[in-house]
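Structural description and commentary
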Amino acid sequence: MQMVRGYDGGLASPGSVSKAEAAAAEEEEGLVADDVGGGAPGKAGEREEEVLSGDGEEEGEEELDLGLTLGAAKRGKSEPSAARWGSCCRILTAKDFPSLSSLGSPRSPSASSVSSSSGTNLGGGIGTGVAGTRRAAESVSHDVGGSSHPPSQVVVGWPPIRQFRMNNLFNHSKDSTLEADTAVAIKRSNIAGGADGGSKADNGNKDHESRGKVRSSFFVKVKMDGDPIGRKVDLSAHDSYEALAVALELMFHLPTISSAIEASVHGAKISKLLDGSLEFALTYEDKDGDWMLVGDVPWGMFLEAVKRLRIMRTLDANGLGRSIHFGKHFNKVSGLIESDPPA
Amino acid sequence: MVGGFRWAAMFPDEVWEHVFSFLPADADRNAAALVCRAWYRIERRSRWRVFVGNCYAVEPAAAVRRFPEVRAAAIKGKPHFADFNLVPSDWGGGAEAWVEAMAEGWPHLEELRLKRMVVSDDCLELIARCFKNFKVLSLVSCEGFSTAGLAAIAANCRNLRELDLHENEVEDNCLHWMSHFPESFASLVTLNIACLEGEVNVSVLERLIGRCPNLKTLRLNHSVPLERLVGLLHRVPQLVDLGTGKFAAQHHPELFSKLESAIAGCKNLKSLSGFWEAGPTYLPAIYSVCEGLTSLNLSYATLQGPELIKLISRCKNLQRLWVMDLIEDDGLIAVAASCKLLQELRVFPSDPYGAAQPISLTEHGLVAISAGCPMLHSVLYFCRQMTNAALLTVAKNCPNFTCFRLCIMEPHTPDYITRQPLDAGFSAIVESCKHLRRLSLSGLLTDLVFKSIGASANCLEMLSVAFAGDGDAGLHYILSGCKNLRKLEIRDCPFGDKPLLDNAAKLETMRSLWMSSCSVTLGACRQLARKMPLLNVEVINERKRGLPLELQPDNCPVEKLYIYRTVAGPRSDTPSCVWILR
């Protein structure tokens, strides 16, 4: 079978690896559209993965790899902005992970190999979604298993909790009433009290904020016109419209991005879903029940307002009264679309 | 057949039918049907309840033809691991084929229970139109339908008694679906809409339940505010099973006392659930009914240990408790002291990814419960640490377990004190619990645990394995032992081709086998498929590769494998990521 990849600490720049990736691998089928996305929030770990597998990256090899991202989730490691691997749908965001610097050899997510033909390696999200796990000879988790503060691994479908329950853990806190806010604030302060002497024990607002940051997932439903099966995407797994749109394209098997990737500052591929060149457009329903084109407002505001997503045929989207070219904000961020959209 | 003496003719058919009606289980009726042609004929015409554990195991038309008098059917679709997003969303499990066949052959169908199937609005409309005496619709973990489909059910099923929607993905496109119940409609006994995400028109709901004198179960969704719960309860004081809506509101003494008296007015309450966003403020409103409760589901409430203890220690007759791990060891110790009749415990993680500070829920809680609750037989426990010693103690305390599911959230976690694998602990469980029917393993495990399971778990019907084992031997132990094994699901274990091929015949005695992220190759699957024509060997490969599966070499690794016995041959509704090998 495949050689078991070792774990050396080397990091490579995403750029170099991804070329090899692009050459060797085909587009990853956006597995499981849903939340499952693939547990590779791991930026660092994934890069290591790619180095090792850069050459001879064959298609058939990642089955046994799983998005175990011990190494990947090192907080505090500076991640080049280009490394938006984890931006695909997956269960967690890297920032939710505690520091794993105590770990020796990180377990890297497999997906790298399965990254799409796009320039950026989104494989992280996707490949792992497909599931594989590598059983390293020395199981890193042996070291951490019993620790008092266990590292979080992002593994598809693990721990085995039904989606309904997961959603309730995370989504309803978004619409919580005052009491629930207080209750959660109390919880956080109780939990944190030991650690930092109750510094969080006051100030509900502060807790609300920190709660928002710690919350691991924010799933919203996504439906594409013409596809009877709805999926779910974890918005907290992405930090930009580009990342989200790319993830959705993969999830719904929309036309692949051509290999002529625009070399934007971030190295992120330009999503056709957002630039209006596809027959589909990405829309969302906000808290007031109105359907809006995605990209109008800053990402953070979008997260606060969005309830669900819909990939609409552009003929319908026109009726929303805006052009297909998305809002100013997106234009500024990407720097790709020269002209501002019509008002 | 034995010629001459046709002993079955000693009695008229009706007598045999009456005799068969006492056979409790389908398995017994199946056995009776094999005795002779006469019994086969009599049995099939008198069977009115059918359970199809795998919707692809038999052609719908064949099932309908064989049992023409069926009134109640239960059908399951996707494999269990679909609950955890391991199965592609377009894998299958569509209900249309079954609903169409049933509409054709079972016009008198009264009950339909579907689990993990894709049910479209068209299906619901077909059900609503074709079954004139339809009484029970239960959909569990299904998807593909909307509230428009529910409107069709509401409008047309004049004798509907149960509408039980449990953890389904329901599209919300028909706000007023409940208004489609006619004014004359009064037959509801069970209404469970807890999984609906949209707003519910509470006034319509009030009127609906107000005219259903037999309503026993009412489970609301989280959109129903606490203030409205009061009015609802006043209309159904005969309620036995209540699922609240949102259980939080601004503190208001008047609301509190109204709620308290409304709940107290439900003198038959045995089961409580819901408690979405529950906080400490309104919890005491339910104290008056705690003594009578046999089932309590607080697993959606992020209540803290002290509140939980105050509540649960009043529930002296509790038999089933579902709770979050916020209860912690101290809470479980209190439960063990108060709830001596406890039979089933489920502890869910409030923080599955360990993002926050760890909760103090450890092996001690489990041990305390096992020691204090002699009637405990079913456990689902999520925690972060475990020891062999604790499991040995639990095994000793509870030899009557029928279901033991332990999920140590970090894969490969050893005994945290001895650093040993947890083989000894789980072995003790299977050796002590002779009636164990369901087992889920976790933690660091070698092939040894599988040896014990294969040898001792004689009643085991369902086994879930993840991140365990050293090699092929593990799987071989299971497949060559566990004589009652029906469902085996494995993920991320180093099990390969050999044990599968060596135990091919075993697979025909089981309902299904799921293996994902293991070490199985395409070649072995091909061999298995050739060797075992009564199995569907489904290879699921979600990554598009250059070559179609037919052209891939034998050593191509298989990502996901789903094998099930079937008399229907390969199914025709496979998506592009699924290949059925022949």
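Residues numbered from 1 in each chain as written. Chains lettered and ligands numbered in written order. Predicted model: local features only at pLDDT ≥ 70, side-chain atom pairs only at ≥ 80, totals over all residues. Heavy atoms only, no water.

Regarding the overall build of chain B
Keep this limit in mind: Put simply, DSSP H or I for four residues or longer makes a helix, DSSP E for two residues or longer makes a strand, and each gets a number counted from the N terminus. The cut-offs for exposure are 20% and 50% of the maximum accessible area for each residue type, with area from a 1.4 Å probe on protein chains only; residues under the lower value are buried, those over the upper are exposed, and the others partly exposed. Any two residues whose heavy atoms approach within 4.5 Å are treated as being in contact. Per-residue accessibility takes into account occlusion by the displayed protein chains alone, with areas from the Shrake-Rupley method and a 1.4 Å probe. Only four residue types enter the tally: Lys and Arg on the positive side, Asp and Glu on the negative side, with His and both chain ends excluded. Charged groups are reduced to one reference atom each: NZ for lysine, CZ for arginine, CG for aspartic acid, CD for glutamic acid.
When you go through chain B residue by residue, the secondary structure sums to 20 helices and 23 strands. Summarising its shape, the C-alpha atoms of chain B cover approximately 70 × 65 × 60 Å along the three principal directions. Residue burial in chain B is summarised as follows: out of 582 residues, 63% are buried. The contacts in chain B between residues at least 6 apart in sequence include a share of 71% that link residues at least 24 apart. As presented, chain B carries roughly 21,300 Å² of accessible surface, and 54% of it is formed by carbon and sulfur atoms. One finds the centroid of the 62 positive side-chain charges in chain B at a distance of 6 Å from the centroid of its 62 negative side-chain charges.

Let's talk about the nonpolar core
So the rule is basically this: What makes a nonpolar core is a set of buried Ala, Val, Leu, Ile, Met, Phe, Trp, Tyr and Cys residues whose side-chain atoms join them at distances within 4.5 Å.
Ranked by internal contacts, the top residues of the largest apolar core, which has 201 residues, are Met102, Leu296, Phe404 and Ile453 of chain B. Setting aside its immediate chain neighbours within four residues, Leu296 of chain B contacts Leu272, Phe275, Leu311, Ile312, Cys315, Leu318, Arg320, Leu321 and Trp322 of chain B. Counting residues in hydrophobic clusters, the runner-up holds 21 residues, among them Val222, Val233, Leu248 and Trp299 of chain A.

Observations concerning the packing of helix α6 (residues 121-130) of chain B against helix α7 (residues 147-156) of chain B
Helix packing geometry: the angle between the two helix axes and the distance between the axes. Residue and element names in this part refer to chain B. Put simply, the test is: Here, axes are lines fitted to C-alpha atoms. For helices the fit covers the stretch in contact, and angles between N-to-C directions go from 0 to 180 degrees. Note on terminology: angles under 35 degrees are roughly parallel, angles over 145 are roughly antiparallel, angles of 65 to 115 are roughly perpendicular, and the others are oblique. Each residue gets one of three labels, nonpolar for Ala, Val, Leu, Ile, Met, Phe, Trp, Tyr, Cys and Pro, charged for Asp, Glu, Lys and Arg, and polar for the others, Gly among them.
Relative orientation of the contacting elements α6 and α7 amounts to 5 degrees, with a least axis distance of 8 Å. The angle between α6 and α7 falls in the class roughly parallel. Facing α6, whose interface residues are Asp121, Leu124, Glu125, Ile127 and Ala128, α7 presents Ala148, Gly149, Leu150, Ala152, Ile153 and Asn156. Grouping the amino acids of the contact of α6 with α7 by side-chain chemistry returns seven nonpolar, two polar and two charged.

Describing helix α12 (residues 328-338) of chain B
Along α12 of chain B, the residues that are buried comprise Asp329, Gly331, Leu332, Ala334, Val335, Ala336 and Ser338 of chain B. Elements in contact with the buried residues of α12 of chain B: α11 (305-312), β13 (320-324), β14 (344-348), α13 (363-372) and β15 (378-383) of chain B.

Remarks on unusual backbone geometry
In this structure, Pro159 of chain A follows Trp158 of chain A across a cis peptide bond, with omega equal to -5 degrees. Tracing the backbone shows Pro159 of chain A in the loop between α4 (140-145) and α5 (163-170). With a phi close to 50 degrees, Arg116 of chain B is a non-glycine residue in the positive phi region. One can find Arg116 of chain B in the loop between β3 (111-115) and α6. The exposure class of Arg116 of chain B is buried, given its relative accessible area of 8%. The backbone phi angle of Glu167 of chain B is positive, close to 55 degrees, even though this residue is not glycine. By the secondary structure assignment, Glu167 of chain B is in the loop between β6 (162-166) and β7 (169-171).

Side note on the sheet that holds strand β2 (residues 231-234) of chain A
Residue and element names in this part refer to chain A. Formally: Any two strands between which DSSP finds at least two bridges are classified as paired.
Spatially, the five strands line up as an open sheet ordered β2-β1-β5-β3-β4, and their pairing is mixed. Each edge of the open sheet is held by one strand with a lone partner, namely β2 and β4 (291-293). Each adjacent strand pair in this sheet contributes to an overall mean axis angle of 35 degrees, direction not counted. The pairing of strand β3 (residues 280-286) with strand β5 (residues 306-313) spans seven bridges and is classified as antiparallel. Of the residues in β5, the one forming a bridge with Asp286 is Val306.

As for the confidence of the model for chain A
In regions of low pLDDT, the predicted coordinates are not meant to be interpreted in detail. Residues and elements named next belong to chain A. Put simply, the test is: The pLDDT score gives, residue by residue, the confidence of the prediction method on a 0 to 100 scale.
With 24% of its residues at a pLDDT of 70 or more, chain A has an overall mean of 49. Within the model, pLDDT remains below 50 along residues 1-153, and this stretch shows 434 contacts once partners closer than five positions in the same chain are excluded. When the criterion is pLDDT under 50, residues 173-216 qualifies, and its contacts beyond four places in sequence or with other chains add up to 65 contacts.

What about the pairing of strand β16 (residues 403-408) of chain B?
All names here are of chain B. Spelled out, the test is: We call a crossover right-handed when, viewed with the strands running away from us, the connection from the first strand over the helix to the second turns clockwise.
With six of six residues buried, β16 is to be regarded as a mostly interior element. Residues Cys403, Arg405 and Cys407 point to one face of β16 and Phe404, Leu406 and Ile408 to the other, with burial holding for every one of them. Here β15 pairs with β16 via six bridges, running parallel. Across the sheet, the residue bridging to Phe382 is Cys407, located in β16. Across three bridges, the pairing between β16 and strand β17 (residues 438-440) is parallel. Residue pairing in the sheet places Arg405 in a bridge with Ser440 of β17. Where the polypeptide runs from β16 across helix α15 (residues 423-432) and back to β17, its parallel neighbour, the crossover connection is right-handed.

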